[in-house]
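# Structural characterization, general
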Amino acid sequence: MYQTLLTSLEEQIFIITINRPDKLNAINNMVMSELSAVIDEVYHNAEIRSAIITGAGPKAFVAGADISEFEGLTIEEGKKLAQKGQDVFQKIEDCPKPVVAAVNGFALGGGHELAMACHFRIASENAKFGQPEVNLGLIPGYGGTQRLVQLIGKGCAIEMMITGNMIDANTALQLNLVNYVVPQNELLNRAKSILAIANSKAPLAISKCIEAANAVFNETKNGYQVEMTGFGECFATEDMKEGTAAFLEKRKAVFKGK
Ligand code: COA
């Protein structure tokens, strides 16, 4: 179905693999369009409860936007490229189902921005993170200037952006950029085991947790208000009735996402 992505559904976890290993999974126009389409699939396919994004091969998650497509772009075309990337990555961040980046190698430029748009990140020991755009006379354009500051703080973010230096997985862990560092052969299983726990919980409550956490960084929203509204709305769900009844009846809850 996709030319640049591989997908598989395992126990309601949708695994999306960016599949251009000979170009270190660089994001060209086709990859960006297909990422947009695949995230729509995550939103709308009821069999999918959560997703993992990773890269093909042992070397790279995604080594950035495809530099070969930059040549000759005008100011307007450059802005449009950033707009498209920002829109797709925003859709990932706003996804009501958890999306985890399993960073299996280089996560540079647009690849780092893609990982940061996911709800959290797990890294393999060989992972490397960076925003090397200044080496090209560019800046991050797919939300990286904003999300990097949000995730690791302004000082460390500006240092990464103005030097273009890469950081290794353990440094990323210290900076809270990733939640775990694991051997490469355990990476997908670690992501799956965390999502298996999330998948056993109430889906609507999960989506409201994500929405409220995202509101922290959205100036147009009052996060406390989003939380209050979401909390209230939970009382109208079958899952809330099931969850509380199951607790009182000392049995395991069965959630339906209703
Ligand atoms: N865009 C387009 N092609 C890319 C790419 C990118 N962002 N990153 C890697 N590739 C391609 C290389 O051109 C090369 O293709 P080729 O075999 O046809 O020449 C292939 O992927 C392998 O990369 P190579 O550079 O040979 O691997 P390496 O192990 O020597 O170096 C990196 C790995 C990641 C350090 C290096 O590829 C790199 O610096 N990539 C660009 C990173 C970047 O600036 N990203 C931000 C873009 S805005």
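Let me begin by describing the structure that accompanies this report. (Residues numbered from 1 in each chain as written. Predicted model: local features only at pLDDT ≥ 70, side-chain atom pairs only at ≥ 80, totals over all residues. Heavy atoms only, no water.)

On to the sheet that holds strand β3 (residues 50-55), then. Spatially, β1-β2-β3-β5-β7-β10 is the arrangement adopted by the six strands of the open sheet, whose pairing is mixed. Only two strands of the sheet have a single neighbouring strand rather than two, namely β1 (5-10) and β10 (180-182). Mean inter-strand twist for the sheet, computed between neighbouring axes without regard to direction, equals 20°. Against the sheet, helix α7 (residues 187-199) engages β1, β2 (13-18), β3, β5 (99-103), β7 (120-124) and β10, with an angle of about 165° to β3. (Pairing = 2+ DSSP bridges. Helix = DSSP H or I, 4+ residues; strand = E, 2+ residues; numbered from the N terminus. Axes fitted to C-alpha atoms, helices over the stretch in contact; angles between N-to-C directions. Contact = heavy atoms within 4.5 Å.)

This paragraph deals with the packing of aromatic side chains. According to the stated counting rule, one finds two aromatic pairs in the structure shown. Pairing F89 with Y142 gives two aromatic rings, centres 5.6 Å apart and planes at 85°, and the pair type is edge-to-face. Taken together, the residues F89 in helix α2 (residues 75-93) and Y142 in the loop between β8 (128-130) and α4 (144-152) connect sequence positions 53 residues apart. Between F231 and F235, the aromatic rings sit 5.3 Å apart at their centres with planes inclined by 70°, giving edge-to-face as the arrangement. The cationic tip of R190 hangs over the ring face of Y180; the distance from NZ or CZ to the ring centre is 5.1 Å. (Phe/Tyr/Trp six-rings, centres within 6.5 Å; stacked < 30°, edge-to-face > 60°. Lys NZ or Arg CZ within 6 Å of the ring centre and 35° of its normal.)

With respect to spatial proximity, 17 residues lie near the ligand, and among them K23, K59, A63, A65 and I67 are the closest. Backbone polar atom of A65 to a nitrogen atom of the ligand: 2.9 Å apart, as the coordinates give it. Within the backbone of I67, a nitrogen or oxygen atom sits 3.0 Å from a nitrogen atom of the ligand. When isolated, the ligand has an accessible area of 860 Å², and the protein chains bury 60% of it. (Near = heavy atom within 4 Å. Polar contact = N/O pair within 3.5 Å; in protein donor to acceptor, adjacent residues only side chain to side chain. Areas by Shrake-Rupley, 256 points an atom, 1.4 Å probe, with all protein chains shown as cover.)

This next bit is on the side chain of K97. Here K97 lies in the loop between α2 and β5. Of the polar contacts made by the side chain of K97, one reaches the backbone oxygen of V42; its length is 2.7 Å. In this structure the side chain of K97 is engaged in a polar contact, spanning 2.9 Å, whose partner is the backbone oxygen of I48. Those residues within four positions of K97 in sequence are excluded, and the remaining contacts are V42, Y43, N45, A46, I48, R49, S50, H119 and I210.

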